[in-house]
Amino acid sequence: MKAVIVVGARPNFMKAAPLIREFSKRGTVDILFVHTGQHYDSNMSKVFFDDLELPQPDIYLEVGSGTHAEQTARVMVEFEKVIMREDVDLIIVVGDINSTLACSLVGAKQHIPVAHIEAGLRSFDKNMPEEINRMVTDILSDYCFTTSPEAETNLNREGIGEERIFFVGNIMIDSLKYYIEKAEESNILEKLEVEKKGYILVTLHRPSNVDKPDQFRSLYNVLIELSESNTVIFPVHPRTKKIIESETPPFSRPSSLKLIEPVGYLDFLKLMKYSGIVVTDSGGIQEETTVLGVPCLTVRNNTERPITIEMGTNTLVGTDPGDLLRAARKVLTRDRKNCAIPPLWDGKTAGRIADVIEKV
Ligand code: UD1
Ligand code: UDP
């Protein structure tokens, strides 16, 4: 059996790595590893190959950036050539990015079964490009691998039956568990001159937060305010960097608000583990902080990962700057939620997925 595994952007690498490792250990499925090139900067792509010990991609599609249509179309055109050339039995896609959508569309039209890892997540907000990618990918997928029980209900509601749904747990947590000890060796805290639990870690990259200058500036002003009492570490996503660098008047940069380049996986795991609070609009970071037991304030009005709120350390604070400031101060005064780890977020998800795929 031969399966393609597709990656394209930062949050894909930690989801693909455990499955590639699992199949290489088992030797049961030949993997064709394809990188679409949706993310291409060294600190958004190559660093994860090093940190996660990923093999070099067999095929690199070099699609780069563009509008949604341009990017999706370029992945489709290039990926279709791969599928027509190679004799593959299954296409495995992860997450909810444009590359995920594009490759599942190509697979479905070429009558190749598609497996979607992280299926069934729904924010019920179609203003998020990812929500459209999730819905279309799931409807086209023959194997919907889910991370949490409510995903099954979401899929059933859209007409996807039990025979296509496999509750296997969270593969991103396989990577976290595998690398958390190695992350201890990172010297990122010394490099940034911060003490354990003595800083706030921030990531923001959702278009709804960073593409509108007024909205982004008001959130940025909250970070400045928080940095008056705590060091704030902000690894800046390239989408966000564009606005920080182009806007006038320039964004002020007090020394306790440390704007840094995106960091590698091991450095970021260490930064998350020892941070007092994480402030983010990332999808994956809501999950990782839950497993690490670190309070997470999610700067969004909804989440496709409600289990991180119900069971985990996540709090949805919305996008109002005043609400974010109040929520951060509350957590800083140690008013914290109790939390537990969601079922099957146990580091063994890749094995459960491989068991299903071997029977395809
Ligand atoms: C994409 C995903 C989003 C995911 C995020 C993870 C879609 C629709 N969005 O958003 O779901 O949460 O990745 O980080 O698929 N850029 C660079 N260097 C790079 C990559 C991007 O400079 O290596 C800049 C380009 O100016 C580009 C912009 O970032 O136009 C946005 O990149 P894109 O991949 O389109 O979307 P993300 O915001 O990264
Ligand atoms: N991450 C990282 N370095 C950073 C920021 C994030 O390694 O500077 C990791 C993080 O631990 C998680 C993944 O990248 O595993 C999340 O990616 P991102 O927030 O870009 O995407 P999303 O999950 O929102 O789709």
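Above: the structure in question.
Everything in this summary refers to the structure shown in the same document. All values derive from a computational prediction rather than experimental measurement.

### A short note on the sheet that holds strand β2 (residues 30-35)
Consideration 1: An order of β3-β2-β1-β4-β5-β6-β7 is seen for the seven strands of this open sheet, with the pairing classed as parallel. Where the open sheet ends on each side, the last strands, each with one partner, are β3 (59-60) and β7 (165-167).
Consideration 2: With four bridges joining them, strand β4 (residues 90-94) and strand β5 (residues 114-119) adopt parallel strand pairing. Looking across to β5, one finds that Val 93 is bridged to His 116.
Consideration 3: Along the sheet face, helix α5 (residues 129-140) touches β4, β5 and β6 (143-146) and points at about 135° away from the line of β5.

### Considerations on the pattern of salt bridges
Consideration 1: Inspection of every chain in the model, using the stated rule, returns 24 salt bridges.
Consideration 2: Note that Arg 206 is salt-bridged to Glu 130, the shortest N-O span being 2.8 Å. With Arg 206 in the loop between β8 (199-203) and α9 (207-210) and Glu 130 in helix α5, the pair connects residues that are 76 residues apart, well separated along the chain. Both residues of the pair, Arg 206 and Glu 130, count as buried.
Consideration 3: Each of Lys 15, Asp 96, Glu 118, Glu 131, Arg 134, Glu 287, Arg 300, Glu 304 and Arg 305 takes part in salt bridges that share partners, so that together they form one network.

### As for the pairing of strand β9 (residues 231-235)
Consideration 1: The buried fraction of β9 amounts to four of the five residues, a majority that puts the element mostly inside the structure.
Consideration 2: One ladder, built from three bridges, connects β8 with β9; its direction is parallel. Residue pairing across strands places Ile 200 opposite Val 232, the latter belonging to β9.
Consideration 3: Pairing of β9 with strand β10 (residues 257-260) involves four bridges; the strand directions are parallel. When the bridges of β10 are listed, Phe 234 appears paired with Leu 259.

### Some thoughts on the site of ligand 1
Consideration 1: Taken together, 19 residues sit near ligand 1, with His 39, Asn 98, Glu 130, His 205 and Arg 239 positioned nearest.
Consideration 2: Interatomic distance of 2.9 Å between a side-chain N/O atom of Gln 38 and an oxygen atom of ligand 1.
Consideration 3: Interatomic distance of 3.4 Å between a side-chain N/O atom of Arg 206 and an oxygen atom of ligand 1.
Consideration 4: For ligand 1, the protein covers 89% of the area, taking 760 Å² as the surface of the free molecule.
Consideration 5: Counting only elements with at least two residues in the shell around ligand 1, the list comes to α3 (68-85) and α11 (238-246).
Consideration 6: When grouped by side-chain class, the residues that make up the shell around ligand 1 number five nonpolar, eight polar and six charged.

Quick notes on the rules
- Residues numbered from 1 in each chain as written.
- Chains lettered and ligands numbered in written order.
- Predicted model: local features only at pLDDT ≥ 70, side-chain atom pairs only at ≥ 80, totals over all residues.
- Heavy atoms only, no water.
- Pairing = 2+ DSSP bridges.
- Helix = DSSP H or I, 4+ residues; strand = E, 2+ residues; numbered from the N terminus.
- Contact = heavy atoms within 4.5 Å.
- Axes fitted to C-alpha atoms, helices over the stretch in contact; angles between N-to-C directions.
- Salt bridge = Lys/Arg side-chain N within 4 Å of Asp/Glu carboxyl O.
- Buried < 20%, exposed > 50% of the residue type's maximum accessible area, 1.4 Å probe, protein only.
- Near = heavy atom within 4 Å.
- Polar contact = N/O pair within 3.5 Å; in protein donor to acceptor, adjacent residues only side chain to side chain.
- Areas by Shrake-Rupley, 256 points an atom, 1.4 Å probe, with all protein chains shown as cover.
- Nonpolar A, V, L, I, M, F, W, Y, C, P; charged D, E, K, R; others polar.

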